[in-house]
Amino acid sequence: MTKDLLHGGALDVVRAAFPDAPEPWIDLSTGINPWPYPDSHVSPEVLAHLPTQADQAACRAAMAAAIGASPHSILLAPGSELLIRLLPDCLPARRVAILSPTYGDHADAWARSGTDIVRSEHPLEAAAEVDAVVVTHPNNPDGRRFDLEALEQARRTLTARGGYLIIDEAYADLHPEQSLASHAGADGLIILRSFGKFFGLAGVRLGATLAPANVRERLAARLGVWPVSGAALEIGTRAYADTAWQTETRHRLAAAAARLDAVFSRAGLPPCGGTDLFRYIEVADAHEAFAHFARLGIYVRRFEWSKRHLRIGLPATQVAETRLAEALNLLNGWASPRRQTQPADTPPRRLD
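Parameters and conventions
- Residues numbered from 1 in each chain as written.
- Predicted model: local features only at pLDDT ≥ 70, side-chain atom pairs only at ≥ 80, totals over all residues.
- Heavy atoms only, no water.
- Helix = DSSP H or I, 4+ residues; strand = E, 2+ residues; numbered from the N terminus.
- Buried < 20%, exposed > 50% of the residue type's maximum accessible area, 1.4 Å probe, protein only.
- Contact = heavy atoms within 4.5 Å.
- Core = buried A, V, L, I, M, F, W, Y, C linked by side-chain atoms within 4.5 Å.
- Pairing = 2+ DSSP bridges.
- Axes fitted to C-alpha atoms, helices over the stretch in contact; angles between N-to-C directions.
- Right-handed = clockwise from strand over helix to strand, strands pointing away.
- Phe/Tyr/Trp six-rings, centres within 6.5 Å; stacked < 30°, edge-to-face > 60°.
- Lys NZ or Arg CZ within 6 Å of the ring centre and 35° of its normal.
- Parallel < 35°, antiparallel > 145°, perpendicular 65-115°, else oblique.
- Left-handed = near helix turned anticlockwise from the far one by under 90°.
- Nonpolar A, V, L, I, M, F, W, Y, C, P; charged D, E, K, R; others polar.
- Polar contact = N/O pair within 3.5 Å; in protein donor to acceptor, adjacent residues only side chain to side chain.

Draft legend 1. How the structure looks around the overall build of the chain. A count of helices and strands for the chain gives 13 helices and 13 strands. Its C-alpha atoms put the chain at 55 × 50 × 35 Å along the principal axes. Of all 352 residues assigned to the chain, the portion counted as buried reaches 55%. Sequence-distant contacts, at least 24 apart, represent 73% of the contacts inside the chain between residues at least 6 apart.

Dropping the structure here:
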């Protein structure tokens, strides 16, 4: 399996595989905001000293205010990816139901721990039969959303059995009203948050879990004394406190997603899902379409588990949007003939 099938963002790998593609490449393979938070400077003293408890507390407080959670429920980490990897070692779960399809590292992390995994399109229905349920909300890559009351009911069912509801809210900053952050700290509820996607600063490596005290303590013991860099704490504190930028960005992303939908529709490929940071389309041969885009210097996200689906992020400029539109027009006639009559593929293995 090539690295681009494991995750998006492997531009170096794709560029090497298509050396004759025109430059500059347009990387649409990730669901990361192409217009990042602009004030990412770091003060020199932050780089010269170890981060303090006060630095962590300030970032937790800013995040808590922005997402509507209690700061006491938050444990900061260097990205949510590491938390995904650590959770199986911290929870006494022998059987876990995981939304399918979804971000593939959830299943990978639990499989490495020897857990019995139930992949399901309707994992909440398994709450009375498993030790944990894992969902991504909104989901990646298809943008699926869950009813908040259904999530809460699943949490209560799991909690009664000593289990956990794990919600990956990596894209929840797009629509805060769809988050369960206000319930953070409730028994059996574990929420994972990502800073890099909405704020467009994935390289900062900042994330968090919102969880009961016993789970936070187990994770904290594994993360160590200085889990997050001082630079990440300073940037995160400033960005989370900038609610005006967040509101403006939500409007900007929604408008950009609508423009992208129009581009796809004009090419005969209306999206079948996604969020305001990426769109999800169906084509007759996704892997050949991936190669078609790559030959034109456009990197999109394909999947090992599906021959018919691509995920495409937001172009950052009008030039990039025009190049994408031209490439799509050359895909004329590639819309999947099954699109209108059959459901999407459902035997997923991993996504990102």
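Draft legend 2. Structural view of the nonpolar core. Of all hydrophobic cores here, the largest spans 84 residues; its most connected members are Phe 195, Leu 210, Phe 293, Leu 310 and Leu 328. In this structure, Leu 328 is in contact with Val 263, Phe 264, Ala 267, Leu 269 and Phe 293, ignoring residues within four places of it in sequence. Leu 87, Ala 107, Ala 132 and Leu 192 belong to the second largest nonpolar core, which has 26 residues in total.

Draft legend 3. Representation of the sheet that holds strand β10 (residues 278-282) in the model. Spatially, β9-β10-β13-β12 is the arrangement adopted by the four strands of the open sheet, whose pairing is antiparallel. Each edge of the open sheet carries a strand with a single partner, namely β9 (273-275) and β12 (301-303). Strand-to-strand twist of the sheet, defined as the mean angle between neighbouring strand axes without regard to direction, takes the value 20 degrees. Two strands pair when backbone bridges link them, and β9 and β10 are joined in this way by three bridges, in the antiparallel orientation.

Draft legend 4. Expanded view of the pairing of strand β4 (residues 116-120). Inspection of the sheet shows strand β3 (residues 95-99) paired to β4 by five bridges, in the parallel sense. Considered in β4, the bridge of Leu 99 is made with Ser 120. A crossover connection joins β3 to the parallel β4 through helix α6 (residues 105-112); in handedness this β-α-β unit is right-handed.

Draft legend 5. Structural view of the packing of aromatic side chains. Applying the stated criterion to the full structure yields twelve aromatic pairs. Aromatic pair Tyr 37 and Trp 245: ring centres 5.1 Å apart, planes at 90 degrees, arrangement edge-to-face. On the criterion of sequence distance, the pair formed by Tyr 37 in the loop between β1 (26-27) and α3 (44-48) and Trp 245 in helix α11 (residues 243-266) is long-range, its members being 208 residues apart. Across this residue pair, the class does not change: Tyr 37 and Trp 245 are buried. A ring pair is formed by Phe 198 and Trp 245, whose centres lie 5.8 Å apart and whose planes are at 75 degrees; its orientation type is edge-to-face. Placement of Phe 198 in helix α8 (residues 196-199) and of Trp 245 in helix α11 is noted, with a sequence separation of 47 residues between them. You'll find Phe 198 and Trp 245 in the same group, each marked buried. One aromatic cluster in this structure is built from Tyr 37, Phe 195, Phe 198, Phe 199, Tyr 240 and Trp 245. Lying across the ring of Tyr 171, Lys 197 places its NZ or CZ 5.8 Å from the centre. Positioned over the ring face of Phe 278 is Arg 311, at 5.4 Å from the centre of the ring.

Draft legend 6. Region of interest: the pairing of β3. Of all five residues in β3, four are buried, a share of seventy percent or more. The pairing of β3 with strand β5 (residues 132-136) spans three bridges and is parallel. Its bridge partner lying in β5, Ile 98 is registered against Val 134.

Draft legend 7. View of the sheet that holds strand β2 (residues 74-77). Overall, mixed pairing links the seven strands, which are arranged β2-β8-β7-β6-β5-β3-β4 in an open sheet. The open sheet terminates on both sides in strands that have one partner only, identified here as β2 and β4. If you compare each strand with its neighbour and ignore which way they point, the axes differ by 20 degrees on average. In the packing of helix α7 (residues 148-160) onto the sheet, contacts are made with β5, β6 (164-168) and β7 (189-194), and the angle to β6 comes to roughly 145 degrees.

Draft legend 8. Here's a closer look at the packing of α11 against helix α13 (residues 318-329). At a minimum axis separation of 9 Å, α11 and α13 run at an interaxial angle of 25 degrees. By the angle between their axes, α11 is roughly parallel relative to α13. For the pair α11 and α13, the sense of crossing is right-handed. Contact residues: Arg 259, Leu 260, Val 263 and Phe 264 in α11; Glu 321, Leu 324, Ala 325 and Leu 328 in α13. Across the contact of α11 with α13, the residue classes break down as six nonpolar, no polar and two charged.

Draft legend 9. Geometry of the packing of helix α4 (residues 53-67) against helix α10 (residues 230-241). Orientation of α4 relative to α10, taken along the N-to-C sense of each, is 25 degrees, at an axis distance of 8 Å. As judged from the angle between their axes, α4 and α10 are roughly parallel. The hand of the α4/α10 crossing is left-handed. Here Asp 55, Gln 56, Ala 58, Cys 59, Ala 62, Met 63 and Ala 66 of α4 come into contact with α10, specifically with Leu 233, Gly 236, Thr 237, Tyr 240 and Ala 241. When the residues that make up the contact of α4 with α10 are grouped by side-chain class, the tally is eight nonpolar, three polar and one charged.

Draft legend 10. Broad picture of helix α12 (residues 286-295). Within α12, seven of the ten residues are buried, which leaves it mostly tucked inside the rest of the structure. Among the residues of α12, Ala 286, Ala 289, Phe 290, Ala 291, His 292, Phe 293 and Ala 294 are the ones counted as buried. Two or three places before His 287, at the opening of α12, Asp 285 has a side-chain oxygen 3.2 Å from that residue's backbone nitrogen. Backbone geometry just after α12 places Gly 297 at a positive phi near 80 degrees.

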